[in-house]
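# Examining the three-dimensional arrangement
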Amino acid sequence: MTTSGEPRASGPDGLMAWPDLLERPRPTPSATVSYGTDPLQIVDLWLPQGEGPHPVVLMVHGGCWQTDIADRTIMNWIAEDLRRRGFAVWNIDYRGVDRPGGGYPGTFLDAAAAADALRDHAGRYRLDPTRLVAVGHSAGGHLALWLAARPRLPQGSPLRTRDPLPIAGIVSLGGLPDLEEAARAPGSGCGTEVIGRLTGGRFEDTSVPRLAPIGARQVLINGDQDKIIPTAYAEAYAGPMRAAGDTVRVRMIDRTGHVELVAPETSAWAAAVEEIEGLMD
């Protein structure tokens, strides 16, 4: 941060660049939990002060579903901010499409297993899974929405698992909510090739609009100046989801790119906190 309290923005366009976030001291979680045998099948847990049971934010990182681009630690700064506000944070990791076992179905099954592990550990860590909001950034925005849609997965899908964790509210931060739309547009931010590797061309159980209505309240927060994820994706997703019966809100934040969405001192993150608190009610 600068001395004025504004976020440091070193980009030539006056927006934050990734070093502005990643080169600052990185907060550390309270505990790390494994949900499988792979080194990436882990969750970082951030516990607030107090006896609990604590409301929980289930957090999903982005990085175009590629581990080489990002892992869960890119979310540490906003996780720490939420911990200070009294929320527990269940910050999941998963095998990206660039790792053995990732892609279809592994990336999805990892995200599902990581989410369901929250319920398994709720008693030990005094978590309240009935007060839960999923928050995802970029590609993680897609996975957060998909996790809420899991009860709608078609019979026979390899992605179906028994008794998925209920998620009643989601905040997508600069997400790619509609994989089919992103797969049609070369300027998707992640590119069409990686979506092909993620889905294998199967959209019936990977793209959220195919599963509508998902029955959860959804908020999409995007930066007006985001050069990674096209801003048109938000309303293009929201319209059909609303028509199917879902509650979807879109908030566009001015003077905001992609990094500001996960930097705790920004107006974009203030909007996200406001929405998280509202969805907990």
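Just above, that's the structure.
In this text the structure is predicted, and so the values were computed from the model without any measurement. Numbers given for residues are sequential positions, taken from 1 along each chain in its written order. Under the rules for a predicted model, residues below a pLDDT of 70 receive no local features and side-chain atom pairs below 80 are neither given nor counted, while totals for whole chains, interfaces and linings still include all residues. Derived side-chain values reflect all non-hydrogen atoms in the structure, with water molecules and hydrogen atoms excluded from consideration.

This paragraph deals with the side chain of Asp-178. By the element assignment, Asp-178 lies in the loop between β6 (169-173) and α5 (179-184). Non-local contacts of Asp-178, meaning those with residues more than four positions away in its chain, are made with Ser-207, Pro-209 and Tyr-237. Note on conventions: DSSP H or I runs of at least 4 residues are helices, E runs of at least 2 residues are strands, and numbering of each starts at the N terminus. In this description, contact between two residues means that some pair of their heavy atoms is separated by no more than 4.5 Å.

So, on to the pattern of salt bridges. Here, a salt bridge means any side-chain nitrogen of Lys or Arg that lies within 4 Å of a carboxyl oxygen of Asp or Glu. Within this structure, the stated rule accounts for 20 salt bridges. A salt bridge links Arg-8 to Asp-20; the shortest N-O distance between them is 3.4 Å. Of the two residues, Arg-8 sits in the segment before α1 (18-22) while Asp-20 sits in helix α1, which places them 12 residues apart along the sequence. With a closest N to O distance of 2.9 Å, Arg-150 and Asp-116 form a salt bridge.

By definition, disulfides here are pairs of cysteine sulfur atoms that lie within 2.5 Å. Enumeration according to the criterion identifies 1 disulfide in this entry. What pairs with Cys-64 in a disulfide is Cys-190, and their sulfur atoms sit 2.1 Å apart. Residues Cys-64 and Cys-190 share a disulfide whose torsion about the S-S bond is about -90°; that sign makes it left-handed. With Cys-64 in the loop between β3 (54-60) and α2 (76-84) and Cys-190 in the loop between α5 and α6 (192-199), this residue pair connects regions lying 126 residues apart in the sequence.

What follows covers helix α4 (residues 139-149). In an α-helix, one full turn covers 3.6 residues, which means residues spaced three or four apart are oriented alike. Burial status follows relative accessibility: with a 1.4 Å probe on protein chains alone, a residue under 20% of its type maximum counts as buried, one over 50% as exposed, and anything between as partly exposed. Among the 11 residues of α4, 11 are classified as buried, and the element is accordingly described as predominantly covered. Within α4, burial applies to Ala-139, Gly-140, Gly-141, His-142, Leu-143, Ala-144, Leu-145, Trp-146, Leu-147, Ala-148 and Ala-149.

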